[in-house]
Amino acid sequence: MWSGEELDLDAYLARIGYEIGRDGELAPVLGTLTALHRAHVRAIPFENLDVALGRPVPLDLKSLQDKLVERRRGGYCYEQNSLFAAVLERIGFTVSGRGARNRSRGAALPPVTHALLVVTIQGEQWLADVGFGWQGPIEPVPLRDGARVEQSGWTFGIGAEDEGIHVLRSLRPDGWTDLYAFSPQTLYPGDFTVMNHYSSSHPQSRFLGQVVAQQPGAEVRRALVRDTLSTVRTDGVTEERILTVRELITALEGDFGIELDEEERAGLERMHPAGA
């Protein structure tokens, strides 16, 4: 389904800094899923730079491996979770796609534009999402109503609504905040392709015309949108800073670990609100 048989697993594991145990095997168990999930979000940032630069965003596994693994770039949800699904499938997990409505921006009824994964282990379902950006979970979340987990100082929960809808929530200093809501309907790679087309080309997509880079760290989370770098810590303290052209490139390469070539640097500099 996710082209896991085509994956260069060793290269992927090296990219995320994951070391296999003494037996040299990866078993499709919760411990493996948790460790892979944590390593992936730590190593591969959320970013939309290809969309911002007007480039196509292919989702075939060869392209994903070349970009996220070999060229050490990041990607947004369709890229990140498509690659992660291939990894999990290759190891032997049962994994399926879902589509969610992003509630983190306060819209009353946003369209279904976010892609995530559900992994089934011994009859229990787990939400796995390495592509939601700085607000996303660090580890899988048990997909059952009322579930609540603490992950390195960040707390997430699952709620249930009518029609089988599940909601991923985050606990903030002022209470619970909905991140996104999704139905039990299974989505497939072709569905991710359709959603990706909207997000990468539709005039109303928030990813067009601006730089977006995010990272859900354990101690501090970072988000760069246009020229504003925001950081938030587990105690809720948030800071914002406007970046100059040079600082923008430095932040992408230093804070987010995105390896840029000269053409990409020049294109991003031209996009800066103050000009190159």
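Placed above this text is the structure.
The structure displayed is predicted, hence computed values, not measured ones.

K.L.:
Looking at this structure, how should I read the side chain of D227?
P.N.:
On the secondary structure map, D227 appears in the loop between β11 (220-225) and β12 (228-233). Setting aside residues up to four positions removed in sequence, D227 forms contacts with R241, I242, L243, H272 and P273.

K.L.:
How should the environment of P142 be read in this particular structure?
P.N.:
Note that P142 resides in strand β5 (residues 141-142). Residue classification places P142 among the buried residues on the basis of a relative accessible area of 3%. In this structure, the C-alpha to C-alpha distance between P142 and V118, residues 24 residues apart in sequence, is 9.6 Å. Not counting chain neighbours up to four residues away, the residues in contact with P142 comprise E124, Q125, W126, A147, V149 and I158.

K.L.:
I would appreciate a short explanation of the layout of surface pockets in the present structure.
P.N.:
The gaps left among the atoms become clear once a water-sized probe is rolled over them. Taken as a whole, the largest pocket holds about 490 Å³ of empty space. Looking at the largest pocket, it is lined by 22 residues, and the ones nearest its centre are N102, R105, T113, R206 and F207. Contributions of two or more residues to the lining of the largest pocket are made by β3 (112-121) and α6 (189-201). When its residues are assigned to classes, the lining of the largest pocket shows 10 nonpolar, 10 polar and two charged. In this structure, the second largest pocket spans a volume of roughly 310 Å³. Lining the second largest pocket are 18 residues, and of these W154, S170, L171, R172 and V232 sit closest to its centre.

K.L.:
Help me out: how do you make sense of the pattern of salt bridges in this one?
P.N.:
Where side chains of opposite charge bring their charged atoms close, a pairing between them can arise. Within the structure shown, the criterion is met by 18 salt bridges. A salt bridge links K67 to D50; the shortest N-O distance between them is 2.9 Å. With K67 in helix α4 (residues 61-70) and D50 in helix α3 (residues 49-52), this residue pair connects regions lying 17 residues apart in the sequence. Across this residue pair, the class does not change: K67 and D50 are buried. Several salt bridges converge on common partners, so that one network encompasses E47, D50, R55, K67, R73, E79, E263 and E264.

K.L.:
Sorry if this is basic, but what is going on with the sheet that holds strand β1 (residues 46-47) here?
P.N.:
Picture the strands of a sheet paired through backbone hydrogen bonds; they go either parallel or antiparallel. Within the open sheet, the five strands sit side by side as β1-β10-β11-β12-β13. Their pairing is antiparallel. The outermost strands of the open sheet, each flanked by one partner alone, are β1 and β13 (238-242).

K.L.:
Would you mind going over empty space enclosed by the protein with me for this structure?
P.N.:
Per the counting criterion, the structure on display carries two cavities of 30 Å³ or more. In this model, the largest cavity occupies a volume close to 50 Å³. Lining the largest cavity we find 13 residues, and of these V41, V130, F132, G133 and P216 sit closest to its centre. For the lining of the largest cavity, the class distribution of residues is eight nonpolar, four polar and one charged. Approximately 50 Å³ is the volume found for the second largest cavity. In terms of lining, the second largest cavity is formed by G209, Q210, V211, R226, L248, M271, H272 and P273.

K.L.:
Sorry if this is basic, but what is going on with helix α8 (residues 262-271) here?
P.N.:
One turn of the α-helix equals 3.6 residues, which is why residues spaced by three or four share an orientation. Within α8, the full set of buried residues consists of E264, G267 and L268. Seen from one end, α8 has its buried residues packed into an arc of 95°, which puts them on one side. Residues of α8 that are exposed and angled more than 90 degrees away from the buried face: E262 and R270. At its buried positions, α8 is contacted by α3 and α7 (245-254). Among the residues of α8, the N-terminal cap falls to D261, whose side-chain oxygen and the backbone nitrogen of E263 are separated by 3.2 Å.

K.L.:
Can you walk me through the packing of aromatic side chains in this structure?
P.N.:
Geometrically, a pair of aromatic rings is defined through the distance of the ring centres and the angle of the planes. Following the criterion strictly, the structure yields six aromatic pairs and no others. Relative to Y78, the ring of Y76 has its centre 5.1 Å away and its plane inclined at 90°; by these criteria the two rings are edge-to-face. An identical accessibility class is assigned to Y76 and Y78; each is buried. An aromatic cluster is built from F46, Y76, Y78 and F207, whose rings are joined through pairwise contacts. Directly above the ring of W154 sits R221, whose terminal nitrogen or CZ lies 4.4 Å from the centroid.

Rules used throughout
- Residues numbered from 1 in each chain as written.
- Predicted model: local features only at pLDDT ≥ 70, side-chain atom pairs only at ≥ 80, totals over all residues.
- Heavy atoms only, no water.
- Helix = DSSP H or I, 4+ residues; strand = E, 2+ residues; numbered from the N terminus.
- Contact = heavy atoms within 4.5 Å.
- Buried < 20%, exposed > 50% of the residue type's maximum accessible area, 1.4 Å probe, protein only.
- 1 Å grid on protein atoms, 1.4 Å probe; cavity = no way out; pocket = protein on both sides within 12 Å on 5 of 7 lines; lining within 4 Å.
- Points joined across faces, edges and corners; volume = space filled by probe spheres on them.
- Nonpolar A, V, L, I, M, F, W, Y, C, P; charged D, E, K, R; others polar.
- Salt bridge = Lys/Arg side-chain N within 4 Å of Asp/Glu carboxyl O.
- Pairing = 2+ DSSP bridges.
- Arc of directions from axis to C-beta.
- Polar contact = N/O pair within 3.5 Å; in protein donor to acceptor, adjacent residues only side chain to side chain.
- Phe/Tyr/Trp six-rings, centres within 6.5 Å; stacked < 30°, edge-to-face > 60°.
- Lys NZ or Arg CZ within 6 Å of the ring centre and 35° of its normal.

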